Structures are given as structure tokens and as C-alpha cells.
Amino acid sequence: MAAISDVNPFVNAPAGDSAFARITDNVSRIAEVERPPRAWYIAFACALAILSIFLGSIGWVVWNGIGVWGTTMPAAWAFPIVNFVFWIGIGHAGTLISAILFLFRQTWRTAINRFAEAMTIFAVMCAGVFPGIHIGRPWLPYYMLPIPNQMDMWPQFRSPLEWDIFAVSTYATISIVFWYMGMIPDFATFRDRATTFWRRLCYGVVAMGWRGSSRQWHRYERAYLILAALATPLVLSVHSVVSFDFATSQLPGWHTTIFPPYFVAGAIFGGFGMVVMLAVPARQFFGLKRIIQIKHLEVMNKVLIATSLLVGYSYMMEFFVAWYSGNKYEAFTFVNRAFGQYAWSYWTMIACNVLFPQLHWFKAVRTNPVATLIIGMFINVGMWFERFVIICTSLTRDFLPSSWGYFIPTKIDFMTLGGSFGLFFTLFLLFCRYLPMVAMAEVKAFHPSAHAHEPDHHVEHAGQAPVGI
Amino acid sequence: MSDSHEPQASDSGPPPLHGLLAEYRTPAELLRASKKVRDAGFSRWDTFSPFPVHGIDKAMGIKMTILPWIVLGAGLTGLATAILLQWWTNAYDYPWLVSGKPLWSIPANVPIMFELTVLFGGVTTFIAMLVLNNLPFPSHPLDHVRRFARATDDRFFLLIEAADPKFDETDTRALIDATHPIAVEGVPEDRKTSDKLPTGIIYSLVIVTVMSAVPFALAAKARYTKSRSTRVHIIQDMDSQPKYKAQRENPVFSDGRSTRLPDPETVAVGELREDDHFWRGQDHGAWVRTFPPTFRVDEAAMLRGQQRFGIYCTPCHGFGGEGNGMVAKRADELAQGTWTPPSNLTDERIRNMPVGEIFNTITNGVRNMPAYGPQIPASDRWAIILYLRALERGHAGKIADLEPAERTGL
């Protein structure tokens, strides 16, 4: 262990005699360093410890049944579905940044898109665990898939829960394809810089013989554009479909038409909150400040203000419709949300999602990495509570007062929730260690020197080029 | 590409030229060079860059790829798959009737149509990009050119293959030199790397392929053969539980009964039934001839008895008690020869029977008449007997029994 460096090897200026070479070196050295610094090991050990809590609590749940959670009637969804919606929401930022911002030609996305995509995939993986264990018999999830089975029955395709299966699995598949395809040129860079046989072999296999031919780039760019165009409606559809799980039911507080756009806005909000939360330590720690700059944090914080206002508007509109509809159950539900037994969670949500992000109106706040990190954390807490409020207040106060109740989580509930962060951070730390954290080829393509001196074309995007190396 | 995988030493002379490689420092230089090579009419040439160079398609004369059309086809296939899948599974093969909704309606099936369109389109985009780009492409002569490693870092390269019909080593080199590259280098054919898969990998692939068919073969065998052994039951799912099943012995209790008997020498509350007269129609072992003292003989009891008689007795014995109820008539019609006809309750034998014995007959049944004790409370049984006595009296009546006024009404 003597080889562990106490000095962060990533703080030095990147090597290279051109801007492109410096970008390559700045990103590649993170994965090439023989031993990452001590802090990485500490973080990884913590993540593994939390992951083991996650696996342990899941094992306990599978062995004993879901009764070890607090999940019971009337709160039959409770923590597992809150966590599912929370994670799937976080998983929206990556593909939004990769696809929608790509179509809108927001070149600043190149600094953050790769690890936002990675975050998306890991968040979707965390999300996927929860419905799987919440079904009670986790060995039977294949009942939900349209495969011929011993019962000679098929799933019911008019159920939003079945739509969910297709939406989430399609989203996971396309996100992975998008992510992997984006990494192929960067894997080729890693392969060509490799100094050991195994690195050359492993990165060589995943790079699939990419050599940067322009004839290949032509099809690659076209494919990337098409994937972005396909993924854009997909991003919007996934959380819409998740919201259908609620909106197509009859429950007051769930049965509303505002849910799909409201959920999508919330998902983008929460996802960006997670992106800034990861970006601040990542740029600090891995010496990526030249690539992920303050101005990128600032742009993301502006997105956070916008989505925070959208979410706040949705909260107000829910109250307005509850009053305007004249439906007494709906009205009761919302008064109960704000002033009933779960008022503490409602006001936590309002504070974290609507009030704190308004601090980003001040330039001093939104250009401060520490403030960005803290507000990002608040947003994640707030978005978790949003799903808690929606699920628990409505389920415990429905039409029939005789079936009212109060959801009390158990220790296992908290272990499963907290442990899911272990899975997320374990995967994320491995990603930081072994995969290209920044899309080098894309960053280079938008660097000013990629465009200058070309007589046939005026200099595009030079003013907003993302990288100052 | 080399066809041979023998070591280079066995070949005579240096390896033939694969092509000429030129290196440039900036994308702009590469663009200018590309236009020259394009205009010189070469066809087998390519440029290499760490990122897609803006305008290189035009500079090289690259035609638009057919990829979008392939994706369109795949997307439509996904759409058709979703429509067929949902219609066939939910409306045709296993009609799923849910809350009276139509078996097949477009709006409820749109989400999955959308998802499968995107899924098929997206995955096809990726696979088609690889296939059209000839990827994976494990080995290339350029891999052995040291400087070419920077093609994925910060340098820009142009390669004209020797296989191009216009290629001539001196002329082409002159053309390239005119574009002011940093360096020009002849790329030899690769004779060291075999373009065949190593035999170890081939055998592994064959073995894996064959092995992967085994589970399917076992599943197919299980589907088309019969077996007497019980199925492998890894997860119990509460399938085998110690519980009573109808028409079976109860595994929970040693006597195999499901209904438990009361403990010996015990009586449930209110079930002592000491009064032999009322409960059994007996008095010291002899049938009683009187109604029990606790039973009130009055008109209310008579009407109650009439009603209960109508419910329980008339199906066989008939409304008049003559043994001609619907069941008896039907049995006579069937003439199966196994039928024991119900008694005529108005005949001499029953009329002289002690009420205690009649009570016992109702309670416990006789011949093929079932026991009505469990169905009819004891007081109602006495009420039925009371009504029966009235019926018998009516049958045995004579005209003289009537009052003079009533006689005229006949």
C-alpha cells in the first residue's frame, strides 16, 4: 500500500503541446494513474460498506418477506416506490443532457455529459431494484414480461404498471447504448495510450477497433444524432409513464392530469441537482477544473432555478385545481398535505425544492462550488420528500376514514434507502477509476482550435466554447 | 490486408506497401489536403482524426449514409411488433377483459407502441452504425505505425491505400508532400498479425454455443415427455402446507379428523338436554304419548307447525300428508325400483303411533328419510307433530263431526 499517493496526482497541469493533447491528458490520466490517491480508497471503502448494508437489507427482505419494511395497508407503496420514483427521476438528467441539449446545440454539455450519462445508468439500476423487491416474491418478476409461461397467461397491456416495465427497460437499454457509443472513441484513446498488455487488451476490446476514420465518424455522428432524436421523447416519456402509475388511479391527490409534465420537470430538477452534487467534488478531486468550469456549474444552476420554478408552479397549480374542481376529496387531500399529519414532510419539500434554489438568483451563490453542492444536496432531499408526500399522504387519507392510517418506516426501510446510495456510489467510483469521465472527443470537437483557420466556414460557437485549455 | 499468418522471416523481401500516411497538426490542414486528394480522383483513401472534423464530409466527398433509412425501418418494425404483440396477447390468444374495457383499443396501447419503436430504432442505430463502419475491426496495418497512436489524441492523418487504381508511390508522395504534412510515411502490409481468429477462441465459441443449447434441449425434452417424479421445487411459495383439503385425511391431527370432537364427559353450555320428554320423546325408555309440558299447545304453535310442515315435509309426504309429494310422484314416474315410498301420515299406523316415536323419527330419520334433528329445532318438531295430529284428525273426520251450520256449506 506504500504506492498509494498522499498527494493528489491530478492537481498538476495536464501534459501536452496542444490543446487537444492537454484535454486527452487531463481526462486519461485519471484512469491511467497506477494507484489512485488515498481519498479514492476511503470513498470506495465507504461506498462498499453502504452497499453491503443495501445487499444485507435486501437479503433480509427476500428471506422474511416485505413485512420487515413498514410497508403495509393503507400505505402499500411506501418507501420502495418512493425510492423507485426518486432514483428514476435522478436518472433523467443524463439523457436529457446528452440528447435534448445536444439537439439544442448547447455545447457546454460536452463537459458534463459523460458522467451525467453514467449517473443516469447507475440511478436507473438503483431504481430497478425497488419494484423488483417490492413485488414480494422477487423470484417471479418475469410474470411482468410477455414471455410464454407455465400459466399460459400474458401480461395486461392496458395497465400503467406494465407500461412502466417497457418504459424503464427501454430507457435503461437506450441510455446504456448511448453511453457506450459515446465512449467508443475515448476507449480508443485509452487503448492507444495504454502501456500495459491488459489495459491495451481490455480497452482495445471495448473500443472495437475504432481508429477515428472520417468515413466512420460520418456514420457515427449521424447515429449519435438519431439516438439523440430518439432519446429526447424517451426522456420525456419515462417519467410521464411513471406518473401514469399514479394519475390513472382514482386516489385523490394522484388522479390529476398535471402529473406527467409535473413529474418530468421534477425529474429534470432532481437529476440536475444530482449532477451538480457529483460535478463539484469530481472537478475538484480529479483535477477537471479546466474542463468542468465554474461557468458550467453556473449554467446548470440556472437550469435548477428554472426547474425549481416549474416544480413550484406545479405545487401551486395542484392546490388551485383542488379548490377550482370543487371536489371535496381533492380539496381535503391538499389541505391535509399542507396541514395534516405529514405537514412536516410537505414543508421540508417546499423549503428544499422551492425556497433554497432561489438563492441561485445571486451570481455569487451560483458561481460558488460549495453553495452549489449544498443546494444540490437540499434539492435531492426535497425531491425524495416530494415523492414521499405524494405517495404517503394520499394513501393514508383516502375516501374512507375507516381505512386511514399512518406510515411508520422501520430500520430496514432506512437501510434499504440509504444502502441504495452505496450501490450508486460504488458504481460511480468504479466509473471514475476505469472509464473516461469526460467525453474527450466531444470536448475537442467544440474547442476553438477545432474550428479556427478553416476558410470555408465561419468560426462557430467560438464565443461559447466550453474549454479554455 | 495480408492473407498469410506465417512469420515475416519466412517471406522473402520486405512486405508490400499498404499505403502512404501523412500527418497534420490541425484540422484545417487536413481539410485542405483532403480536398486535394478528393480532386485528384482517389477512391481508396481515408482521413483519421481524434474528433469529427467539421466539413470533412464535403472535403472528402463522403456520401450521406443510409443509416437513417435503416433506423426508420427498424422503428416501424418496433411499432408493428408492439401492435401485434398487444393485440395477439390481450385480444386474441388470451382475451383479457378488464373492467369492461374493450379488448383492443389504440389509446391504451400507445405507450408500449412508442417504447418499442424507440427501443428497436435505438438499438438498430447502434448496431447498424457498427456494421456499416465494419466494426469490430481488430487489426489494421496502421496499428503498427507508431505515430498513428496520436490519431485518437491530437493529430490528424490521411492515408491513401496502395490498392487505389490511381496510386503510384512517387506521384502520390509528391501530391501529399504538396499539402505540407508534418511527416509522410509508407505503411507496410501487416504480415505479423493473423486475420484469422486464434483456434482457442474458435473452439471456445463452439463449445459455448453447443453448451448454451443444452438448457433449451432440456426444456424441450421436459415439454414433450412424461415424468412421474415431482417437479423440482426450489422456492416453496407456500405451495405445500399442513392443512385440511376436502375429501382427504387431515394431516394436522392424529385421528385424521378435521372437525374436532368435544372432550369426553363434557357438555357445551346450554346443551345438557336433561329433559328426556322434550328432547327425545321418551319417558324411562318408553315413547311418550303426550306433548311435553314445556311445549305450549295453542293456535300459534299449530300455525307454526303448519308452516314448518310445508317447508320440510311436503316435498315427500304432500300437503295432505298422504305420501304424495312432488318427490314421491317423480320417483313413481321414474319407476327405478329403488324407491321406498314415503308413509301416508294419515293412515291407521301413524295415527296410533306415540308422539314420542314420531318425534324420534323426525329427529333421526327412518329408512330413506334423513334425520331432520340438525335442521329443525326441537320445539318446531313438536309443532309439526301438533299440526300432523290435526291433519290426521281431518282425514279421519266424519260428516257428523261438523256443526249443523257447517254441514250446509259443503
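All values derive from a computational prediction rather than experimental measurement.

What counts as what
Residues numbered from 1 in each chain as written. Chains lettered and ligands numbered in written order. Predicted model: local features only at pLDDT ≥ 70, side-chain atom pairs only at ≥ 80, totals over all residues. Heavy atoms only, no water. Helix = DSSP H or I, 4+ residues; strand = E, 2+ residues; numbered from the N terminus. Areas by Shrake-Rupley, 256 points an atom, 1.4 Å probe, with all protein chains shown as cover. Lys, Arg positive; Asp, Glu negative; His and termini not counted. Charge placed at Lys NZ, Arg CZ, Asp CG, Glu CD. Rg over C-alpha atoms; globule rule 2.2 N^0.38 Å. Contact = heavy atoms within 4.5 Å. Salt bridge = Lys/Arg side-chain N within 4 Å of Asp/Glu carboxyl O. Buried < 20%, exposed > 50% of the residue type's maximum accessible area, 1.4 Å probe, protein only. Disulfide = S-S within 2.5 Å. Buried area = accessible area lost by both parts, 1.4 Å probe. Polar contact = N/O pair within 3.5 Å; in protein donor to acceptor, adjacent residues only side chain to side chain. Pairing = 2+ DSSP bridges. Axes fitted to C-alpha atoms, helices over the stretch in contact; angles between N-to-C directions. Domains from an automatic or database assignment. Phe/Tyr/Trp six-rings, centres within 6.5 Å; stacked < 30°, edge-to-face > 60°. Lys NZ or Arg CZ within 6 Å of the ring centre and 35° of its normal. Expected span 1.5 Å × (residues − 1).

> Looking at this structure, I do not really get the overall build of chain B. What am I missing?
Of the regular secondary structure elements, chain B holds 14 helices and 6 strands. Judged by the C-alpha coordinates and their principal axes, chain B covers about 150 × 55 × 45 Å. When the accessible area of chain B is evaluated, it comes to approximately 25700 Å², of which 59% is carbon and sulfur surface. With 44 positive and 47 negative side-chain charges, chain B shows a spacing of 2 Å between the two charge centroids.

> How do you make sense of the overall build of chain A when you look at a structure like this?
When helices and strands are tallied, chain A shows 16 helices and 0 strands. Here chain A has a C-alpha radius of gyration of 23 Å; the compact-globule value for 469 residues is 23 Å, and the two agree. Seen along its three principal axes, the alpha-carbon backbone of chain A occupies a region of about 75 × 50 × 45 Å. Taking contacts inside chain A between residues at least 6 apart in sequence as the whole, the part at least 24 apart equals 79%. Only carbon and sulfur atoms are counted for the fraction: they give 71% of the accessible area of chain A, which is about 17900 Å². Measuring between centres, the 31 positive side-chain charges of chain A sit 5 Å from its 23 negative side-chain charges.

> Even after reading the chapter, I still don't get the pattern of salt bridges, so can you show me in this structure?
Any two side chains of opposite charge can pair, so long as their charged atoms come close to each other. Applying the stated criterion across every chain, the model contains 25 salt bridges over all chains. The shortest N-O distance in the salt bridge between A:Glu32 and A:Arg193 comes to 2.9 Å. Of the two residues, A:Glu32 sits in helix 1 (residues 19–32) while A:Arg193 sits in helix 6 (residues 160–193), which places them 161 residues apart along the sequence. Its relative accessible area of 26% is what places A:Glu32 among the partly exposed residues. B:Asp143 is paired through a salt bridge with A:Arg211; the nearest N and O atoms lie 2.8 Å apart. Taken together, the positions of B:Asp143 in the loop between helix 4 (106–132) and strand 3 (156–161) and A:Arg211 in the loop between helix 7 (197–207) and helix 8 (214–247) put the pair across two chains. Its relative accessible area of 29% is what places B:Asp143 among the partly exposed residues. Classification of A:Arg211 as buried rests on a relative accessible area of 5%.

> Looking at this structure, I do not really get the environment of B:Gln375. What am I missing?
Its place among the elements puts B:Gln375 in the loop between helix 12 (355–364) and helix 13 (378–395). The exposure class of B:Gln375 is partly exposed, given its relative accessible area of 49%.

> Sorry if this is basic, but what is going on with the state of the cysteines here?
Any covalent bond linking the sulfur atoms of two cysteines counts as a disulfide. All names here are of chain A. In total, this model carries 0 disulfides over all chains according to the counting rule given. Cys46 forms no disulfide, and the closest cysteine sulfur to it belongs to Cys432, at a distance of 15 Å. Of the cysteine sulfurs around Cys432, a residue in no disulfide, the closest is that of Cys126, at 15 Å.

> Would you mind going over the environment of A:Phe79 with me for this structure?
Inspection of the secondary structure assignment puts A:Phe79 in helix 3 (residues 78–90). Excluding residues within four positions of it along the chain, A:Phe79 makes contact with A:Trp384, A:Phe388, A:Phe407, A:Pro409, A:Asp413, A:Phe414 and A:Leu417.

> Would you explain the interface of chain A and chain B in this entry?
Size of an interface, as often reported, equals the accessible area lost when the parts are brought together. With 68 residues of chain A at the contact, the number on the chain B side is 75 residues. At the boundary of chain A with chain B, total buried surface from both sides reaches about 6200 Å², with 63% on carbon and sulfur atoms. The tally of links from chain A across to chain B stands at 3 salt bridges. The shortest N-O distance in the salt bridge between B:Asp46 and A:Arg215 comes to 3.9 Å. Our count for the contact surface shared by chain A and chain B stands at 29 residue pairs in polar contact (both at pLDDT 80 or more).

> Teacher, can you tell me more about unusual backbone geometry here?
Peptide bonds are, in most cases, trans, and in most cases residues other than glycine have a negative phi. Put simply, A:Met73 and A:Pro74 share a cis peptide bond, and its omega is 0°. Mapped onto the elements, A:Pro74 comes out in the loop between helix 2 (38–64) and helix 3. Following B:Leu135, the chain continues to B:Pro136 via a peptide bond in cis, the omega torsion being -5°. Its location among the elements puts B:Pro136 in the loop between helix 4 and strand 3. Although it is not a glycine, B:His284 adopts a positive phi angle of roughly 50°. Here B:His284 is to be found in the loop between strand 5 (282–283) and strand 6 (286–287). Of note in this structure, B:Ala335 is not a glycine but carries a positive phi near 50°. Tracing the sequence through the fold places B:Ala335 in the loop between helix 10 (326–334) and helix 11 (348–351). Residue classification places B:Ala335 among the exposed residues on the basis of a relative accessible area of 60%.

> Please clarify how the sheet that holds strand 4 (residues 183–188) of chain B should be interpreted in this entry.
Within a sheet, each strand pairs with its neighbour through backbone hydrogen bonds, oriented either parallel or antiparallel. Residue and element names in this part refer to chain B. Strand order in the open sheet made by the 4 strands is 2-3-1-4, with antiparallel pairing throughout. Each having just a single partner strand, strand 2 (45–48) and strand 4 make up the two edges of the open sheet. Shown here is a sheet whose adjacent strand axes are inclined to one another by a mean of 20°, direction ignored. By the bridge criterion, 6 bridges tie strand 1 (residues 17–24) to strand 3 in an arrangement that is antiparallel. Of the residues in strand 3, the one forming a bridge with Leu20 is Ile160. Most of the contacts of helix 5 (residues 169–177) go to strand 1, to which it runs at about 10°, and overall it touches strand 1, strand 3 and strand 4.

> Explain the pairing of strand 2 of chain B to me, please; I cannot follow it from the model alone.
Both faces of the sheet carry side chains from a regular strand, because those side chains alternate between them. All names here are of chain B. A two-sided burial pattern is seen for strand 2, the buried positions comprising Trp45 and Thr47 on one face and Asp46 and Phe48 on the other. Bridge count for strand 2 against strand 3 is 4 bridges, and the pairing is antiparallel. The partner of Trp45 across the bridge, within strand 3, is Ile160.

> What's the story with the domain arrangement of chain B in this structure? I'm lost.
You can read the domains of chain B as domain 1 (15–191) and domain 2 (276–404). Using only C-alpha atoms to locate each centre, domain 1 of chain B and domain 2 of chain B end up separated by 100 Å.

> Help me understand the packing of aromatic side chains, please; the structure alone is not making it clear to me.
As enumerated under the stated definition, the model contains 76 aromatic pairs over all chains in all. Ring centres 5.9 Å apart and planes at 55° place the aromatic pair A:Phe320 and A:Trp323 in the tilted group. Linking A:Phe320 with A:Trp323, this pair stays in helix 10 (residues 294–324), spanning 3 residues, or about one helical turn. Put simply, the rings of A:Phe86, A:Trp87, A:Phe115, A:Phe122, A:Trp179, A:Phe421, A:Phe424, A:Phe425, A:Phe428 and A:Phe431 pair up and form one aromatic cluster. The side chain of A:Arg433 reaches across the aromatic face of A:Tyr434, ending 5.2 Å from its centre. Over the ring of B:Phe253 we find B:Arg260, and its NZ or CZ is 3.9 Å from the ring centre.

> I would appreciate a short explanation of helix 11 (residues 328–339) of chain A in the present structure.
Every α-helix carries 3.6 residues per turn, so stepping three or four residues along brings you back to the same face. All names here are of chain A. Its 12 residues place the ends of helix 11 16 Å apart at the C-alpha level, agreeing with the 16 Å of an ideal helix rising 1.5 Å per residue. Regarding helix 11, the residues found buried are Glu330, Thr333, Phe334, Asn336, Arg337 and Ala338. Looking at the buried residues of helix 11, the elements they touch are helix 10, helix 12 (343–355) and helix 14 (369–396).

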